[in-house]
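Summary of the model geometry
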Amino acid sequence: MAEKKKKLLQGNEACVEGAIYAGCRFYAGYPITPSTEIMEGMSVRLPKLGGKFIQMEDEIGGIAAALGGSLAGLKSMTATSGPGFSLKQECIGYACLTEIPLVIVDVMRGGPSTGYPTGPSQSDIMQAKWGTHGDHPVIAVTPSTVPEILTETVRAFNLAEQFRTPVMVLYDEILGHMREPVTIPSPGELLVEDRAKPECKPEDYHPYDDKFLIAPLAPFGSGYRFHVTGLNHKQDGFPTNDSKIIRENNERIMRKVHINRESIWKNEEVMLDDAEVAIFTIGSTARSARFAVNELRKSGIKAGLLRPLTIWPFPDRAVAELSNRVKAIIVPEMNLGQMTLEVERCAKGRCAVEGLFRVDGEPITPSQIFHEVRKYL
Amino acid sequence: MSERYEIRFSGSGGQGMILAGIIMAEAAAIYGDKNAVQSQSYGPESRGGASKAEVIISHGPIDYPKATAIDCMLAMTQEACTKYHGDIKSGGILLVDSEEVKTVPKGDFKVLSFPIIGTAREELGKTIVANIISLGMIAELTGVVTHEAVEKAVLSRVPPAFLDLNKKALQIGFEKAKMLK
């Protein structure tokens, strides 16, 4: 076997590699800075692999077509940034209720509105959770390095297929555009999950069969005929006004993610064992935090880092446990306090929680974090 | 922090500063035995405006991807020089294009002024390779990557028809920098 080759890849290029590795064979979208390189990459790669790439008329068309691709049986993806993510929200809700697996990448730039297209931000944390209306399950992964964008994109596909639900990959412009050495994993090196297919005869098939927590999804056009609607529906997919079925279905789509949260959560802990002050952050800000932790340790300060790679469902338990054993949790984020509120909710007053915010299109620096931590010692 | 070697390439959008940064990172991490992270910042314009690319080189993991204390900075325009020179560390190097940068900033760093774009124009007839000349100069001045590594990195990034031109540009960069040292 040839020696695996290390390449210098941009974050967005690593996302393409991850999608291809996971078996994504359908992409539809609309270009927007700072996510466009994902679309460009997919347009080059997919046709060579027998996949399909479509540039749609806008972001709404992009996600709608990707949902169609997924229903037809292909692992599908769309990518965008803040303003486009807003446009996709209606279809994200549709995917949650109709239980269509899909990966949506949001490379976060400054907002609100058109905002600062070439500047980094982490201000779509809450949009990822609550951008679409109604109670709905949300899974969002948050890589922090270029190699991790590849592996977390693979994980996003696995979660989407496993739970029949849209999964978001959230990272900021710095990660999207920066380059790091990446070794592309060999086939079989990373786990790749495929969606469950029905074992019953087509005439017995129900797309929302209530024998299952997550029913198998037949590819449209494979002889299994079924109905899909954004209305509350019965197990055969047709609309219903039956309040019992409506309640059960609404609760079930939440429950399928909630009861499996431990297998969805993924955290990295850096020097937390004896930490007196902890930092909680994601993405490129976690890189600043790690740098700061190393510097703080050199000057004898017991600092540590809790870095979630799954931000939704929120790592409630990890934060709650941490709040019992540190004086303070510092939450640096490139927004005005979206994660800080969640950390406060989980810490329940057991330790101080302090946000460190930045919304000028510049990264939070290691020295900003260094000085914030020192205030608590 | 001393394990980090930080380089900033700055100029105007379209001058190939980001490409220079990518090639430097590849020279270090793909064709050399070090780790490297390349990042960039630019405005909404596709041409013009101040643009910069940064490369952090280290033997170990690199956390913060942006420059903190710059070992070597290149400035190809006055605007970029004025805007971006503030992070050069004490004892660092500032290499400027002498025809473009007339007001050289003062600081506790070494300033090297050389007509990079003029050399590209006069010796190679193409100003477009000024970024490759500057890459050769920086490799020679800093020694952070070997000549072989940077040559391999340049040649893997340029179209076949321009291999000779870029190879020559790089050699010119090495030689001119030797005279400046």
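Source: prediction; values computed, not measured. (Residues numbered from 1 in each chain as written. Chains lettered and ligands numbered in written order. Predicted model: local features only at pLDDT ≥ 70, side-chain atom pairs only at ≥ 80, totals over all residues.)

Our next topic: the overall build of chain A. For chain A, the count of helices and strands is 13 helices and 15 strands. In terms of C-alpha radius of gyration, chain A reaches 21 Å, essentially the compact-globule figure of 21 Å for 377 residues. Summarising its shape, the C-alpha atoms of chain A cover approximately 70 × 50 × 45 Å along the three principal directions. Relative to its 377 residues, chain A shows a buried fraction of 53%. Once local pairs closer than 6 in sequence are excluded, the contacts in chain A between residues at least 24 apart make up 75%. (Helix = DSSP H or I, 4+ residues; strand = E, 2+ residues; numbered from the N terminus. Rg over C-alpha atoms; globule rule 2.2 N^0.38 Å. Buried ≥ 20, exposed ≤ 12 C-beta atoms within 10 Å, placed from the backbone. Contact = placed C-beta atoms within 7 Å.)

Glancing now at the overall build of chain B. If you tally the helices and strands in chain B, you get 6 helices and 6 strands. The helix and strand sequence of chain B, counted from the amino end, reads β-α-β-β-β-α-β-β-α-α-α-α. The C-alpha radius of gyration of chain B comes to 15 Å, within 12% of the 16 Å expected for a compact globule of 181 residues. With the C-alpha coordinates aligned to their principal axes, the bounding extent of chain B is approximately 40 × 35 × 35 Å. For chain B, buried positions account for 52% of its 181 residues. Within chain B, contacts between residues separated by at least 24 positions form 60% of all contacts whose residues are at least 6 apart in sequence.

Turning to the interface of chain A and chain B, a few remarks are in order. Contacts between the two partners involve 17 residues from chain A, matched on the other side by 17 residues from chain B. Residue assignment for the side of chain A that touches chain B shows that the elements contributing at least two residues are strand 1 (6-10), strand 6 (116-120), helix 7 (173-177), strand 9 (179-183) and helix 10 (283-298) of chain A. It is helix 10 of chain A that contributes the most residues to the side of chain A that touches chain B, 5 residues altogether. Across the side of chain A that touches chain B, the residue classes tally to 8 nonpolar, 4 polar and 5 charged. (Nonpolar A, V, L, I, M, F, W, Y, C, P; charged D, E, K, R; others polar.)

Another aspect to go through is the environment of A140(A). Residues and elements named next belong to chain A. Its place among the elements puts A140 in strand 7 (residues 139-141). By the C-beta count within 10 Å, which is 25 here, A140 ends up buried. Each C-alpha atom of the pair A140 and I125 lies 8.9 Å from the other, and the pair is 15 residues apart in sequence. Leaving out residues up to four positions away in the same chain, A140 has contacts with A128, M168, L170, I311 and W312.

Among the nonpolar cores identified, the biggest contains 163 residues, and V103(A), A278(A), I279(A), I329(A), M24(B), A75(B) and L135(B) are the most heavily contacted of them. With 10 residues, the top contributor of residues to this core is helix 1 (residues 17-29) of chain B. Residues within four places of M24(B) in sequence aside, it is in contact with I7(B), V55(B), L135(B) and V145(B). (Core = buried A, V, L, I, M, F, W, Y, C linked by C-beta atoms within 7 Å.)

Take the domain arrangement of chain A next. Residue and element names in this part refer to chain A. Domain assignment breaks chain A into domain 1 (6-183) and domain 2 (267-374). Computed from C-alpha atoms alone, the centre-to-centre distance between domain 1 and domain 2 is 26 Å. The interface is formed by 24 residues belonging to domain 1 together with 19 residues belonging to domain 2. Those elements giving two or more residues to the side of domain 1 that touches domain 2 turn out to be strand 6, helix 5 (125-130), strand 7, strand 8 (166-172) and helix 7. A per-element tally of the side of domain 1 that touches domain 2 places helix 5 first, with 4 residues. Its residues assigned to classes, the side of domain 1 that touches domain 2 shows 14 nonpolar, 7 polar and 3 charged. (Domains from an automatic or database assignment.)

What follows is about the sheet that holds strand 12 (residues 303-308) of chain A. All names here are of chain A. If you walk across this open sheet you meet the 5 strands as 10-12-11-14-15, and the pairing is mixed. The sheet is open, and its two borders are formed by strand 10 (267-270) and strand 15 (352-357), each paired with just one other strand. Neighbour-to-neighbour, the strand axes of the sheet open up by a mean angle of 20°, direction not taken into account. Both strand 11 (residues 277-280) and strand 12 contribute to a ladder of 4 bridges, which runs parallel. Directly across from V277, in strand 12, lies its bridge partner A303. (Pairing = 2+ DSSP bridges. Axes fitted to C-alpha atoms, helices over the stretch in contact; angles between N-to-C directions.)

What follows is about the environment of E269(A). Residues and elements named next belong to chain A. Position of E269 relative to the elements: it lies in strand 10. Residue E269 is classed as partly exposed on the basis of its C-beta count, with 14 C-beta atoms lying within 10 Å. It is 39 Å that separates the C-alpha atoms of E269 and G68, two residues lying 201 residues apart in sequence. Setting aside its immediate chain neighbours within four residues, E269 contacts G304 and L306.

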